[in-house]
Amino acid sequence: METIYIGLLFIAIAIAVKIYPGLLAGYNSLSNRDKENAESNALPTFAAIVFGVMGLISIAGYLVSIWLNKPSLSGIWVLVTIVGMIVLIVFGNILVNNRSR
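The residue numbers shown here count from 1 along each chain, following its written sequence. This being a predicted model, a pLDDT of at least 70 is required before a residue's local features are given, and a value of 80 or more before pairs of side-chain atoms are given or counted; all residues contribute to the totals for chains, interfaces and linings. To get the side-chain values, take all heavy atoms of the structure and skip hydrogens and water.

Peer 1: Sorry, what's going on with the side chain of Thr3 here?
Peer 2: Structurally, Thr3 is set in helix H1 (residues 2-19). Burial status follows relative accessibility: with a 1.4 Å probe on protein chains alone, a residue under 20% of its type maximum counts as buried, one over 50% as exposed, and anything between as partly exposed. Judged by its relative accessible area of 0%, Thr3 falls in the buried class. Residue contacts are defined here by distance: any two heavy atoms, one from each residue, within 4.5 Å place the two residues in contact. Ignoring anything within four residues of it in the chain, the contact list for Thr3 reads Ser58, Tyr62, Ser74 and Trp77. What counts as a helix is a DSSP run of H or I of at least four residues, what counts as a strand is a run of E of at least two, and both are numbered from the N terminus.

Laid out in structure tokens, this is it:
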């Protein structure tokens, strides 16, 4: 059941990041030029999508574990969190450092 709560938490974070991009780690320490560049490259939208997908995958993993009667699959949120954070770090840096034309 905690997997559902974690999935809902990820979805809530997605909504909060879309509304308040300053919640992203390191966003407030960027220069104004880098913030504008990140916003023009849709970094807050990308982060919100990644967090939303992480939440949906966590909830779906829990439901699949119940359907297959395999309780070991309900811990999929750990793998989802690790992979999601790697994706956010790598592609987030690309979006911040890629200059829009």
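Peer 1: Help me understand the nonpolar core in this model?
Peer 2: Soluble globular proteins tend to pack their nonpolar side chains together in the buried interior. With 17 residues, the main nonpolar core has Leu24, Leu43, Phe51 and Met54 as its most contacted residues. Within the residue set of this core, elements represented by two or more residues are H1, helix H3 (43-67) and helix H4 (76-97). If one sorts the elements of this core by residue count, H3 sits on top with 6 residues. Those residues in contact with Met54 that lie beyond four places of it in its chain are Phe10, Val80, Thr81, Gly84 and Met85. For our purposes a nonpolar core is just a set of buried Ala, Val, Leu, Ile, Met, Phe, Trp, Tyr and Cys residues, chained together by side-chain atoms within 4.5 Å.

Peer 1: Honestly, H1 in this entry has me stumped. Any pointers?
Peer 2: Since one α-helical turn is 3.6 residues long, residues separated by three or four positions face the same way. With 18 residues, H1 ought to run about 26 Å at 1.5 Å a step, and its terminal C-alpha atoms sit 26 Å apart, in line with that. Of the positions making up H1, those classed as buried are Thr3, Ile4, Ile6, Gly7, Phe10, Ala14 and Val17. In an axial view of H1, the angular spread of the buried residues amounts to 170 degrees, which keeps them on one side of the axis. Seen from the buried face of H1, the exposed residues on the opposite side, beyond 90 degrees, are Tyr5, Ile15 and Ile19. Helix span is expected to be 1.5 Å times the residue number reduced by one. Note that the arc is defined by the directions from the helix axis to the C-beta atoms.

Peer 1: Just to check I follow, could you spell out H4 for this structure?
Peer 2: Helix length check: H4 (22 residues) gives 32 Å between terminal C-alpha atoms against 32 Å at 1.5 Å per residue, within 8%. Packing partners of the buried residues in H4 comprise helix H2 (32-40) and H3.

Peer 1: I would appreciate a short explanation of the packing of H1 against H3 in the present structure.
Peer 2: Geometry of a packed helix pair, given as the angle between the helix axes and the separation of the axes. Inter-axis angles, ranging from 0 to 180 degrees, are taken between N-to-C directions of lines fitted to C-alpha atoms, where helices are fitted over the stretch in contact. The contact between H1 and H3 brings their axes to 8 Å, and the two run at 165 degrees. Between H1 and H3, the interaxial angle falls into the category roughly antiparallel. When the axes of H1 and H3 are compared, the crossing they make is left-handed. Every residue of H3 that contacts H1 at Thr3, Ile4, Gly7, Leu8, Phe10, Ile11, Ile13, Ala14, Val17 and Lys18 is listed here: Pro44, Thr45, Ala47, Ala48, Phe51, Gly52, Met54, Gly55, Leu56, Ser58, Ile59 and Tyr62. Angle categories: roughly parallel below 35 degrees, roughly antiparallel above 145, roughly perpendicular from 65 to 115, and oblique for all the rest. Each crossing gets its handedness from the near helix: less than a right angle anticlockwise from the far helix is left-handed, clockwise is right-handed.

Peer 1: What is the right way to read the environment of Ile15 from this model?
Peer 2: Tracing the backbone through its elements, the reader meets Ile15 in helix H1. The class for Ile15 is exposed, based on a relative accessible area of 51%.

Peer 1: What is the right way to look at unusual backbone geometry in this model?
Peer 2: Unlike most non-glycine residues, Ala42 shows phi in positive territory, near 65 degrees. Relative to the elements of secondary structure, Ala42 occurs in the loop between H2 and H3. Phi at Asn69 takes a positive value of approximately 60 degrees, unusual for a residue other than glycine. With respect to the helices and strands, the residue Asn69 is situated in the loop between H3 and H4. Using a relative accessible area of 66% as the deciding quantity, one classes Asn69 as exposed.

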